[in-house]
Amino acid sequence: MESATGFGDPLPVTAGGHYRSALARLVLAYKNHHRTDVGRPLQTALAGALHSAVEGLRQGGETAQILLVPVPTKGASLRRRGYDPLGLLLDGLVRRGELPAGCRPARLVGYRGITVRLGSALAGRVGQQQQKGLGSAQRRANVCLTMTLRRGQHLVPGAVCLVVDDVLTTGATIAEMTRVLRLAGAEVAGAAVVAATEPPSRAEGK
């Protein structure tokens, strides 16, 4: 169990494994080298994280339907790859009936794709930098206010959501997802990811 800083408070995040060794290589091959054939073990890791997260919610008294809200893929990334990595993993779990009972994917959030101004200077398209290579504060600033509910989507007030992502690094993306969903009236109960990097304090000790 890891944690991400959500919209106002820490959010519990359940990971299928640590982002290192074989799992890290699989994620990179799957996302960056068109190796969709290695998606099955990643589905297994994600399914484990989802079941563990949902079990924890149910033990806490949560029995309502849970919406699994995936982090969206940016348009440029989708065009470059030709597929949505996280979407493929979730779709595979749906086809195999491997999602936790009472859960369904809900693609509710998308990127704004807008241009913003900071003072008199044109800042460009929000979130246009790649997150990779940025520090924690830079990641938060880069992703802040970049997302919104997709056009035509709405949430029943109090709907229980679980954010789904591939890799947890600093938690900036999950925090932005949480902001959007909570502003729309949802209850964001946590997040589930395929893999999580080690916190800096742990990594520096090795």
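Counting of residues starts from 1 at the beginning of each chain's written sequence and follows it residue by residue. At least 70 in pLDDT is required for a residue's local features to be given in this predicted model, at least 80 for side-chain atom pairs to be given and counted, and no such filter applies to totals for whole chains, interfaces and linings, which use all residues. For side-chain calculations, the full set of non-hydrogen atoms in the structure is used, while hydrogens and water are omitted.

### So, helix 6 (residues 172-183)
Okay, so step 1: Over its 12 residues, helix 6 extends 17 Å from the first C-alpha to the last, a length consistent with the 16 Å expected when each residue adds 1.5 Å.
Okay, so step 2: In this scheme, a residue with accessible area under 20% of its type's maximum is buried, one over 50% is exposed, and one in between is partly exposed, where area comes from a 1.4 Å probe on protein chains only. Secondary structure elements are defined from DSSP: runs of H or I of at least 4 residues count as helices, runs of E of at least 2 residues count as strands, and each element is numbered from the N terminus. Those residues of helix 6 not exposed but buried are A172, T173, I174, A175, E176, M177, T178, R179, V180 and L181.
Okay, so step 3: Just beyond helix 6, the residue with positive phi is G185, at close to 100 degrees. By this rule the span expected of a helix is its residue count minus one, scaled by 1.5 Å.

### Description of the packing of aromatic side chains
Okay, so step 1: Any Phe, Tyr or Trp ring, taking Trp's six-membered ring, that has another such ring centre within 6.5 Å forms a pair; planes under 30 degrees apart are called stacked, those over 60 apart edge-to-face, and the others tilted. Taken as a whole and judged by the stated rule, the model has 1 aromatic pair.
Okay, so step 2: Over the face of the ring belonging to Y111 we find K74, whose NZ or CZ atom lies 5.5 Å from the ring centre. For a lysine, the NZ atom is tested; for an arginine, the CZ atom; a charge sits over a ring if that atom is within 6 Å of the ring centre and within 35 degrees of the ring normal.

### Digging into the confidence of the model for the protein
Okay, so step 1: Confidence in the prediction for the protein averages 84 pLDDT; 77% of positions are at 70 or higher.
Okay, so step 2: The quantity known as pLDDT measures the predictor's confidence residue by residue, on a range of 0 to 100. The contact criterion used throughout is that any non-hydrogen atoms of two residues lie within 4.5 Å. Contacts from residues 115-128, a stretch scored under 50 in pLDDT, to residues over four places away or in other chains number 21 contacts.
Okay, so step 3: Contacts of residues 200-206 to residues separated by more than four positions or lying in other chains number 3 contacts, the stretch itself having pLDDT below 50.

### Quick look at the nonpolar core
Okay, so step 1: The term nonpolar core refers to a set of buried residues drawn from Ala, Val, Leu, Ile, Met, Phe, Trp, Tyr and Cys, joined through side-chain atoms within 4.5 Å. Ranked by size, the top nonpolar core spans 54 residues in total, and within it L46, L50, L162, L181 and V194 carry the most contacts.
Okay, so step 2: Those elements giving two or more residues to this core turn out to be strand 2 (10-15), helix 1 (21-32), helix 2 (39-59), strand 3 (66-70), helix 4 (85-95), strand 9 (160-168), helix 6 and strand 10 (187-196).
Okay, so step 3: No other element matches the 9 residues that helix 2 contributes to this core.
Okay, so step 4: Contacts of V194, omitting those with residues within four sequence positions, involve A15, G16, G17, L23, V27, L42, A45, L46, L89, D165 and D166.

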